[in-house]
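Take a look at the letters that make up each chain.
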Amino acid sequence: MITVENNSLRFSFTHLNGLFELQLIRTLRIPDQEGQVCPLPPNLGTFPVRHIDDYEGRVPKHWLGRGGILIPMYQSEAMWINFLPRNNPARKGFVRSGQFPVAVKIGTGKVSAITGKEWKDGLRKKDYCVAPPQPWIDGFVTKEGTVRQFIAEQLGNGLTAEEQITGKAEFGGLQIEAFPMKEKSFNNEFPEKERETSCLKGNLRMRSMDIRNESYESGFQSYCSATISTNDLDSLSRGVDDSIKDMGLAPGGQMEQQIFEDPYGKKKWDTDSGQRVFVHLVNSMMWKQITGEIPPHAPLTAADYTNKGYPWFKYWDDEVKSLKETRKTAGLKSVAQIEKLQGKSFLPENQPIGKPTVSHVVKDGKW
Amino acid sequence: MKFGEYLQNLRKDLKKKDPKWSLKRTAKKLGISAGYLSRLENNVVPPPSNELLAKISEIYGEDLDIMMAAAGRMSPDLVQIFREKPKVIAELLRAVRNAPESAVIRVVRQVRDGDW
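The paragraphs below set out a description of the structure included in this document. (Residues numbered from 1 in each chain as written. Chains lettered and ligands numbered in written order. Predicted model: local features only at pLDDT ≥ 70, side-chain atom pairs only at ≥ 80, totals over all residues. Heavy atoms only, no water.)

**What to know about helix α2 (residues 23-30) of chain B**
All names here are of chain B. Filter applied, for reference: Each residue's exposure class comes from its accessible area (1.4 Å probe, protein chains only) as a fraction of the maximum for that residue type: buried when under 20%, exposed when over 50%, partly exposed otherwise. In DSSP terms, a helix is any run of H or I states spanning at least four residues, a strand is any run of E spanning at least two, and both are numbered starting from the N terminus. To be clear, the arc concerns the directions from the helix axis to the C-beta atoms. Note on definitions: a residue-residue contact is assigned when non-hydrogen atoms from the two residues lie within 4.5 Å.
Looking only at α2, the buried set comprises Thr 26, Ala 27 and Leu 30. All buried residues of α2 lie within an arc of 100° about the axis, which places them on one face of the element. Opposite the packed face of α2, turned more than 90 degrees from it, sit the exposed residues Lys 24 and Lys 28. Structurally, α2 contributes buried residues whose contacts are with α1 (3-17), α3 (34-41) and α4 (50-60). Directly beyond the C-terminal end of α2, a positive phi value near 80° is found at Gly 31.

**A closer look at the pairing of strand β8 (residues 102-108) of chain A**
Residue and element names in this part refer to chain A. For the record, the criterion: DSSP bridges decide pairing: two strands pair if at least two such bridges lie between them.
Among the seven residues in β8, seven count as buried, and that is most of the element. With three bridges connecting them, β8 and strand β10 (residues 129-131) associate as antiparallel partners. The partner of Val 102 across the bridge, within β10, is Ala 131. In this sheet, strand β14 (residues 174-179) lies alongside β8 in antiparallel orientation, the contact comprising six bridges.

**Comments concerning the interface of chain B and chain A**
Selection rule: As used here, buried area is the combined drop in accessible area, with a 1.4 Å probe, of two parts when they are placed together. Salt bridges are defined by distance alone: a side-chain nitrogen of Lys or Arg within 4 Å of a carboxyl oxygen of Asp or Glu. For this scheme, ten residues count as nonpolar: Ala, Val, Leu, Ile, Met, Phe, Trp, Tyr, Cys and Pro. Four count as charged, namely Asp, Glu, Lys and Arg, and the remainder, Gly too, count as polar.
Taken together, the contact between chain B and chain A spans eleven residues of the former and 22 residues of the latter. Both faces combined, the contact of chain B with chain A buries some 1500 Å², and carbon together with sulfur accounts for 46% of it. Taken together, the links from chain B to chain A amount to two salt bridges. With a shortest N-O distance of 2.7 Å, Asp53(A) and Arg112(B) are connected by a salt bridge. Counted by class, the side of chain B that touches chain A contains three nonpolar, two polar and six charged residues.

Worth remembering: the numbers are spatial, not functional.
Shown next as structure tokens:
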């Protein structure tokens, strides 16, 4: 069962006493400059999440048909997806501290963000990541160690990954599916008496990732979580077509990121117990129109953020193997590259960030 | 509260707003005799069939699950769900038994998956 808890998606696998939480994180749109590979951008708070069922009559019927949730996304911002395997200490038997792994598929427009292959039921070879060890995913995997950032674009302009790979603008949105381990496989991998020691190691890794997760200071947090003023919203709306349109995710700037190989093997996962969700994306005007809520404030530009001295991040784990598969996503063009080819301007801003302050996530070693 | 009293209270509440909800007129709407409706309301006879309960709930504007529960029964679809997942449903029901309604609504609000 998937529920919304404080704008996070919580996947409950009650038959295994397991919980998995996933957050859709707002972040800066990194510059998309030829040859520039950025460090990881910060956590600027979660996107507000709403059940699509709450807006019958205000959203297109085919959105309701897909179920799922709704989030607002400015064109000037980007998204990363945070994975939080959880335990439930309040419930006896739920003790799986940091060690309830799930296999996660991420798709945009029903195209895998990891391989670029068409979304299909179940798991396919290397078409998913496993959390843990995967702490997050920031974009489309274009080659080993590099991703192109998830940014929002309207369907129909040829910019989204779906349109570039399939030639169609049919689904848009973001698709997520999580699979637990088979019970026998889990008990074999994490025998009862060894669970406490392995849980401790899992917790140390999780704490180092908390540095990126809690990266914004309280003042900055207030800016990002504040809603846009009514006047600014009105001025944004002038001359803007506010009809409801499908949106999808397109490739933005490049950053360093590992997507780790499955440490357990595809056969260990229970593909009969997957839970999935369709995430519908809307821009700020559509959000106001559909939900009646004022959208959150647009984030700072990457250049402003860097000039203020706020940190960027680097997380690299040499102990875990990275995916090496050749991917359809390798051929994706970023929005800026398409912009250049067509002589059009889609991006609101694309300024370089200069030399950012990079905070290296602290890893634990053997001692 | 017994079923008869519950049924009578429903009709009396409706009658406060519209005098056409007399025993005789209501029985006619339901396609039963006034005598039978009176016996139902006074618990002289047991609650009626599921089909008549469904008709009563529709005409009275009452939720069928509530009416079935008042008659000491469960809607057939709920029975089927319970048969399919007895352990989970039983655990869930015991867990929410003493929780306020707002908390229960929160527990069962899951993200619906659709067709895609």
